[in-house]
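Coordinate analysis (summary)
Okay, here's what each chain looks like letter by letter:
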Amino acid sequence: MEFRYGSIAFTYLATELNFQIEFEIAHDDIRPEFEVLKPYFIKALKSRYVNVSVYAEVENGQLVSQSASSEDIKRIDRQIIESVRFQFVTKPLFGRTNADKENNTGQQLQTSHPLYESGEELLEDMLKHAQFKHHRHLRYLAENHAGHLVKIRFVLQPFSFVFLLEGAELFHIILETLDTEEASYLWHFPKKVADLPLRLKEIDHYLDIIRKKGRQEFLMAPPENFSRILHDYSDEQKGFILWKDMLGERLV
């Protein structure tokens, strides 16, 4: 069984006719990159196999008509796809120790994941799960992100999203982790749209320093345009309000 864009294909060996017939069953939500999700679909459907009804009409050794359908494949709906995709993405992200996460923070900024078409789509899926420490902070940043200028980006370890917020005088690039107790990192730049690609490259450079030398090393000599906001985890509601107020004070 092979996943394609908008269909699932499989080959049937017609032994009595001594040739193979390829069938496709339409499925609008299927994409080729979902091949890696097959073990997760097996768990979700509680079966390693799917039942398929096939029909083929042959005249004089030539295939003239064919069709296939499967109630099992129909069960792979949008809800199941979103669930198994989320499981696949998050399983490796949260299986490391804190030390591992600290040492592997920096990776290049990314705008899409192999299973997600954009950082926005990935974030939307993440925010459906309120158990993550910074889900309220990320939602607030997403609502205020300058999406008309740049896409939401992310880094993988620890899993973080990168936003662009506009102040009256400055642009502010903000790095916020999803589920680790780490401060919000902010970089402040002159409000020049043409310079944004260069600014994102600068952020990549700082993340590379963090990856190679660690956060503490970076914080010992941060750039002048850098600041951070510490989180208060003693009370979720209080911590979010304090964080939002401090963020507002920085967005000049």
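Heads up: these notes are all about the structure in this document. The shown structure was predicted, so the numbers you read here are calculated from the model rather than taken from an experiment.

1. Digging into the sheet that holds strand S9 (residues 184-190)
Strand order in the open sheet formed by five strands is S6-S7-S8-S9-S10, with antiparallel pairing between adjacent strands. Unpaired on one side and paired on the other, strand S6 (153-155) and strand S10 (226-229) mark the two borders of the sheet. The sheet shows a mean angle of 25° between the axes of neighbouring strands, direction not considered. One ladder, built from six bridges, connects strand S8 (residues 170-177) with S9; its direction is antiparallel. Of the residues in S9, the one forming a bridge with isoleucine 174 is leucine 186. Packed on one face of the sheet, helix H7 (residues 196-213) meets S6, strand S7 (160-166), S8 and S9 and runs near 145° to S9.

2. Section: the pairing of S7
Extensive coverage of S7 is indicated by the burial of six of its seven residues. Alignment of S6 against S7, held across three bridges, turns out to be antiparallel. Within S7, the residue paired with arginine 153 across the bridge is valine 162. Between the antiparallel neighbours S6 and S7 lie four residues. Here seven bridges tie S7 to S8, and the two strands are oriented antiparallel to one another. When the bridges of S8 are listed, leucine 165 appears paired with histidine 172. In textbook terms, the turn of a hairpin is the stretch between consecutive antiparallel strands, and for S7 and S8 this stretch comprises three residues.

3. Brief notes about the sheet that holds strand S1 (residues 2-4)
Read across the sheet, three strands follow the order S1-S2-S3 without closing on themselves; strand pairing throughout is antiparallel. On the outer flanks of this sheet lie S1 and strand S3 (19-26), each paired with one strand and no other. The mean angle between the axes of side-by-side strands here comes to 30°, regardless of whether they run parallel or antiparallel.

4. So, the pattern of salt bridges
Counted according to the given criterion, the structure contains 20 salt bridges. Taking the shortest distance from any N to any O, the salt bridge between arginine 78 and glutamate 121 comes out at 4.0 Å. Of the two residues, arginine 78 is situated in helix H3 (residues 78-93) and glutamate 121 in helix H5 (residues 119-126); the sequence distance between them amounts to 43 residues. Under the relative-accessibility criterion, glutamate 121 is labelled buried at 18%. When the shortest N-O distance is used, the salt bridge between arginine 215 and glutamate 182 registers 2.8 Å. Taken together, the residues span a long stretch of sequence, with arginine 215 in helix H8 (residues 215-220) and glutamate 182 in the loop between S8 and S9 at a distance of 33 residues.

5. As for H5
Counting buried positions along H5 gives six out of eight residues, so the element sits mostly inside the fold. The complete set of buried residues in H5 reads Gly119, Glu121, Leu122, Leu123, Asp125 and Met126.

What counts as what
Residues numbered from 1 in each chain as written. Predicted model: local features only at pLDDT ≥ 70, side-chain atom pairs only at ≥ 80, totals over all residues. Heavy atoms only, no water. Pairing = 2+ DSSP bridges. Helix = DSSP H or I, 4+ residues; strand = E, 2+ residues; numbered from the N terminus. Axes fitted to C-alpha atoms, helices over the stretch in contact; angles between N-to-C directions. Contact = heavy atoms within 4.5 Å. Buried < 20%, exposed > 50% of the residue type's maximum accessible area, 1.4 Å probe, protein only. Salt bridge = Lys/Arg side-chain N within 4 Å of Asp/Glu carboxyl O.

Nothing here speaks to function; it is all geometry.
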